[in-house]
Amino acid sequence: MSASETAPWSREEFHEKLKEKGTSYHVYHPFQIMMTEGKLTRSQMQGWVANRFYYQKNIPLKDAAVMANCPDREVRREWILRMLDQDGTDGDAGGIEAWLRLGVACGLTREEVRSEEHVLPGVRFAVDAYRNFARSRPWQEAVCSSLTELFAPDAHASRIESFPKHYPWIGPEGLDYFRMRLTEARRDVQHGLQVTLDYFKTRAQQERALDILEFKLDVLWTMLDAMYMAYISQETLPPHKKYALTER
C-alpha cells in the first residue's frame, strides 16, 4: 500500500468524505420518496409517525449514554443541550412533545403513540442497536454516529413544504417538530463535526469514522425498510399487527 493510501486526509478532505455519505441518507428510500411526493395514505403516514416516535424517544437516552462515557466537561456542557431539546425545559415542551403533537395531528391519540403498540420489530431492533452502540462504544464514536444531522435540515425543510400541500389533513401544529429542528440540527452538527474532525486523525481512524456514519445511515434506512414492507408491500407484518393501522 502506497504512502498516499495510508496518509491521513486533510481536515477539509475528511469533511468532504463525511458529506459524501449523504448519498445513502434515508431521504432516498422509496418510502420517504413516496412521502415527499404525497403518495402515502393516511394510515401509512400514521405508521411512519408511530414508528419514528420510538426513534425520537430514544434520542435523549442515546445522548445520555454519550455524556456518561465522556470525561470532558466542556463537551458535556454542549452535549446536554441535545437532551434538553428533546425532553424539554420549563419554558419549552421539547421535541418528544412536538412529535406527540404530530401524532395527534395525523389522527393518532397521544396514548396510542406512547404505548408503542404500532412499533414494528425491525424498527425496534434498529433503534435499539443505535442506542446500544452509543452506550458501548467510545464517546467520540457515538458523537460521530450523530453526523447524519449533516443531511437533516434539508429533509425537515422538505416536510415543512410538502406536508401542507400533499397532506392538508395534518394540522399546522404537526409541523412544529420540523421547524424547531431546522435550527437545532444545524447547531448540533457543528459541534459533532468539530469533535469528529479533531479526534479521528489517522487514516485508519478517519476510515473508521466513515464506517460509523454508514452504520447510522443503515439504522435509518433499515427503519424505513421495515415500514415499507409492513405498510406498502405488507409482506412481513406479524399477523397480530397486520391491521393495526387502518384508514381513519
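Check the entry above for the structure.
What counts as what
Residues numbered from 1 in each chain as written. Predicted model: local features only at pLDDT ≥ 70, side-chain atom pairs only at ≥ 80, totals over all residues. Heavy atoms only, no water. Core = buried A, V, L, I, M, F, W, Y, C linked by side-chain atoms within 4.5 Å. Buried < 20%, exposed > 50% of the residue type's maximum accessible area, 1.4 Å probe, protein only. Helix = DSSP H or I, 4+ residues; strand = E, 2+ residues; numbered from the N terminus. Contact = heavy atoms within 4.5 Å. Salt bridge = Lys/Arg side-chain N within 4 Å of Asp/Glu carboxyl O.

A.B. asks: Can you walk me through the nonpolar core in this structure?
C.D. replies: For soluble globular proteins, the rule of thumb is that nonpolar side chains tend to be buried together. Within the largest apolar cluster, 61 residues are counted, with the highest numbers of intra-cluster contacts made by W48, F163, M223 and M227. Looking at this core, the elements with two or more residues in it are α2 (11-20), α3 (30-36), α4 (42-69), α6 (95-105), α8 (121-136), α10 (152-166), α11 (176-199) and α12 (203-232). The dominant element in this core, judged by the number of residues it contributes, is α12, at 13 residues. For M223, the contacting residues outside a window of four places in its chain are R52, Y55, V123, A126 and V127. V66, V75, W79 and V195 belong to the second-largest nonpolar core, a separate cluster that totals 12 residues.

A.B. asks: Sorry if this is basic, but what is going on with unusual backbone geometry here?
C.D. replies: For E116, which is not glycine, the phi torsion reads 65° and is therefore positive. One can find E116 in the loop between α7 (110-115) and α8.

A.B. asks: Where do I start with the pattern of salt bridges in this structure?
C.D. replies: Opposite charge on two side chains permits pairing when their charged atoms draw close. Considering all chains together, one arrives at 23 salt bridges under this definition. The shortest N-O distance in the salt bridge between D128 and R131 comes to 3.2 Å. Of this pair, D128 and R131 both sit in helix α8, three residues apart, which is roughly one turn of that helix. Between D176 and R179 there is a salt bridge; the shortest N-O distance is 3.0 Å. A residue pair is termed a helical-turn pair when its members lie 3 or 4 positions apart in one helix, as D176 and R179 do in helix α11 at three residues. In this structure D176 comes out as partly exposed when scored by relative accessible area, which is 27%. We classify R179 as partly exposed; its relative accessible area is 39%.

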